[in-house]
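Working through the structure, step by step
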Amino acid sequence: MIKYSIAIVDDEEIIRDALDITLSDQYDIILFESAESFLASLEQQTPDLVLMDIGLPIMTGIEALEILKQKHNDIPVIMITAYEDINMVIRSMKIGAFDFILKPINLDILELTIQKAISSIALIKEVKILQEKYLQDNLPCFIGESKNIENVMDFINMVSKSSDTPIMILGETGTGKELIAKAIHARSPVFQGPFIPVNCSAFPEDLIESELFGYESGAFSGASSQGKKGFIEEADGGTLFLDEVADLSLAGQAKLLRFLEDGEFYKVGGTKRYHVRTRVVSATNKKIDDLVDEEKFRKDLYFRLCVIKAEVPSLNERKEDILPLAKHFLHEFNKKFSKTLKGFSKDAENHLLSYEFTGNARELKNMVERAVLISKTDRLELDKLKGAPTLINDTPPLDIKQDHKLGPEGIDLDQLLETTEKKYMEQALEFSKGNESKAARLLNMNHHTFRYRWKKISKK
Ligand SMILES: Nc1ncnc2c1ncn2[C@@H]1O[C@H](COP(=O)(O)OP(=O)(O)OP(=O)(O)O)[C@@H](O)[C@H]1O
């Protein structure tokens, strides 16, 4: 059961006490003897409902109501008046009071009026509680103490409020663009809808249309007989995250633009029109303005996607975030590898602070992961960080057991399969001198699948 809070603003102590005794079993009561002290308290917390005397000394209840409504229009206010001054009552109702009650207060009428006011805000409150819980449970920790990141987060909090304004996030690889896209989704009104990430560079030109829009049954040979939903349809009522959007082919860009213009599309091989409402967040680590100038990215699409633009600074430009991030990753990998490292040695910290990151937070994360895995001391020492290859694509050295016997200590199967897949893909690329089609053939894979999986796995 939700317990609602009521602020009672009345200069008469006897009334405050009487209301407190009557209502405090059911509601959280906060008492104020003046309009000024009540308004000042709103900086710290806002009540769900206000009971306010009209005839307060110094600042009157009506004046306080006017100020309250400017900032918190959604809080219902019940005015209390000692005399039936119809003009005062009309004025307060015009300003936006929910209702009024007369002194001496009839408790039955009071209870009924409070109930009515609460039912008007119950849904808003329920959604707020749900959203806070969702944020706590689902929002990936976005670490950052620098002014730079604080500004980005403030901006995101502001722009998340709308459910459909397109946002483009720019920043070098590994700066946390996908994490930010998830944060936007989690703070937006469509937070309960799906968050669908699409890596635009993972699909070749001839597949992108069916991946984005889906296809109708029998659209082409090899198509599933039930047809298929595309990513856009999957994202209906939620957020579509178009990662690496600058890599979209010109044909793909044209199709996406058509959808963004009116939210409508046809599936491949179909004549039925579909309508989808989804917030589009896109990201790229390329200099998209240059691509627009070079006509490699459509200007009209750029303007559609980039109604709001957020730029994430590189880690080298926000050195204050390095240690908080490193400690966060240390904690994460302590948990993952059941280690109990307490922190970094002074030397290790200095090394991180003077290091030039090319892969940003992802590179730092990989450095810490490997160092945690090979550390045997209480603190993470410099040699473990230095010894750890810092390639962005590096993964910890987990070897597949040749005998495939499971010991009592168990294994992290996902991690093992991922490492194995990556090792073979790396070797295949080495054998084929970087030719992905040849590498794919060595692993008996279709080359689209190879490209897609390699992109995915080499980002981890
Ligand atoms: N501020 C942060 N707090 C916590 N983790 C972070 C932060 N920034 C990045 N990370 C972690 O670093 C890794 C890379 O982040 P992410 O995938 O969001 O970067 P990206 O900018 O989308 O990269 P790319 O351009 O290569 O797609 C992820 O594991 C992410 O969780």
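What counts, and where the lines are drawn
Residues numbered from 1 in each chain as written. Predicted model: local features only at pLDDT ≥ 70, side-chain atom pairs only at ≥ 80, totals over all residues. Heavy atoms only, no water. Core = buried A, V, L, I, M, F, W, Y, C linked by side-chain atoms within 4.5 Å. Buried < 20%, exposed > 50% of the residue type's maximum accessible area, 1.4 Å probe, protein only. Helix = DSSP H or I, 4+ residues; strand = E, 2+ residues; numbered from the N terminus. Contact = heavy atoms within 4.5 Å. UniProt positions renumbered as here; feature names shortened; annotations may be inferred. Pairing = 2+ DSSP bridges. Axes fitted to C-alpha atoms, helices over the stretch in contact; angles between N-to-C directions. Phe/Tyr/Trp six-rings, centres within 6.5 Å; stacked < 30°, edge-to-face > 60°. Salt bridge = Lys/Arg side-chain N within 4 Å of Asp/Glu carboxyl O. Patch = residues over 30% accessible without salt bridge, like charges linked within 9 Å, V, L, I, M, F, W, Y side chains within 5 Å. Areas by Shrake-Rupley, 256 points an atom, 1.4 Å probe, with all protein chains shown as cover.

Let's talk about the nonpolar core
Proteins that are soluble and globular tend to have nonpolar side chains buried together. Core analysis: the biggest nonpolar cluster contains 33 residues, and Ile232, Leu242, Phe297 and Leu305 have the highest contact counts within it. Examining the composition of this core, we find that four residues originate from one element, helix α10 (residues 250-262), more than from any other. Apart from the residues within four sequence positions on either side, leucine 305 is in contact with Pro166, Ile167, Met168, Leu242, Val245, Leu260, Val280, Ser282 and Phe297.

Let's talk about the UniProt feature "modified residue: 4-aspartylphosphate" (unreviewed entry) in the protein chain
As recorded in UniProt, the sites labelled "modified residue: 4-aspartylphosphate" (unreviewed entry) are Asp53. Tracing the sequence through the fold places aspartate 53 in strand β3 (residues 49-53). In this view, aspartate 53 contacts Val9, Asp10, Asp11, Gly61, Ile80 and Lys103; residues no more than four positions away in its chain are not counted.

Examining unusual backbone geometry
Following lysine 103, the chain continues to proline 104 via a peptide bond in cis, the omega torsion being -5 degrees. With respect to the secondary-structure elements, proline 104 resides in the loop between β5 (99-102) and α5 (107-138). One non-glycine residue, glutamate 244, lies in positive phi territory at about 55 degrees. Within the secondary structure, glutamate 244 sits in the loop between β10 (239-243) and α10. For serine 338, which is not glycine, the phi dihedral falls at a positive 50 degrees. Among the secondary structure elements, serine 338 is positioned in the loop between α13 (322-336) and β15 (343-344).

Overview of the sheet that holds strand β4 (residues 77-81)
The strand order across the open sheet formed by five strands is β2-β1-β3-β4-β5, and the pairing between neighbours is parallel. The sheet is open, and its two edges are formed by β2 (28-32) and β5, each paired on a single side. Averaged over neighbouring strand pairs, the angle between their axes works out to 20 degrees when direction is ignored. Taken together, the four bridges between strand β1 (residues 5-9) and β3 define a ladder with parallel strand orientation. The residue of β3 that forms the bridge with isoleucine 6 is leucine 49. Contacts from helix α1 (residues 13-23) reach β1, β2, β3 and β4 within the one sheet, and its direction differs from that of β2 by about 175 degrees. Packed onto the sheet, helix α3 (residues 61-71) meets β3 and β4 and runs at close to 175 degrees relative to β4.

Section: the packing of aromatic side chains
Taken as a whole and assessed by the stated rule, the structure comprises nine aromatic pairs. Measuring from ring centre to ring centre gives 5.6 Å for phenylalanine 265 and tyrosine 274, while their planes differ by 15 degrees; the resulting arrangement is stacked. Judged by its relative accessible area of 4%, phenylalanine 265 falls in the buried class. Among the residues examined, tyrosine 274 registers a relative accessible area of 14% and is labelled buried. On the basis of an interplanar angle of 15 degrees and a centroid distance of 5.9 Å, the ring pair of phenylalanine 333 and phenylalanine 337 is categorised as stacked. Phenylalanine 337 shares its class with phenylalanine 333; the two are buried.

A short note on the pattern of salt bridges
For the structure on display, the rule yields 25 salt bridges. In this structure, the salt-bridge partner of lysine 103 is glutamate 12, at a minimum N-O distance of 3.1 Å. Highlighted residues: lysine 103 in the loop between β5 and α5 and glutamate 12 in the loop between β1 and α1, separated in sequence by 91 residues. With relative accessibility at 14%, the residue lysine 103 sits in the buried group. Exposure remark for glutamate 12: the relative accessible area of 35% places this residue in the partly exposed category. Residues glutamate 294 and lysine 296 are paired through a salt bridge, measuring 3.1 Å at the closest nitrogen-oxygen approach. Look at glutamate 294 and you get partly exposed, because its relative accessible area is 46%.

Here we look at a nonpolar patch on the surface
Together, Leu406, Ile411, Leu413 and Leu417 make up an exposed nonpolar region whose accessible area comes to about 400 Å². In this fold, leucine 406 is placed in the loop between α16 (382-387) and α17 (413-431).

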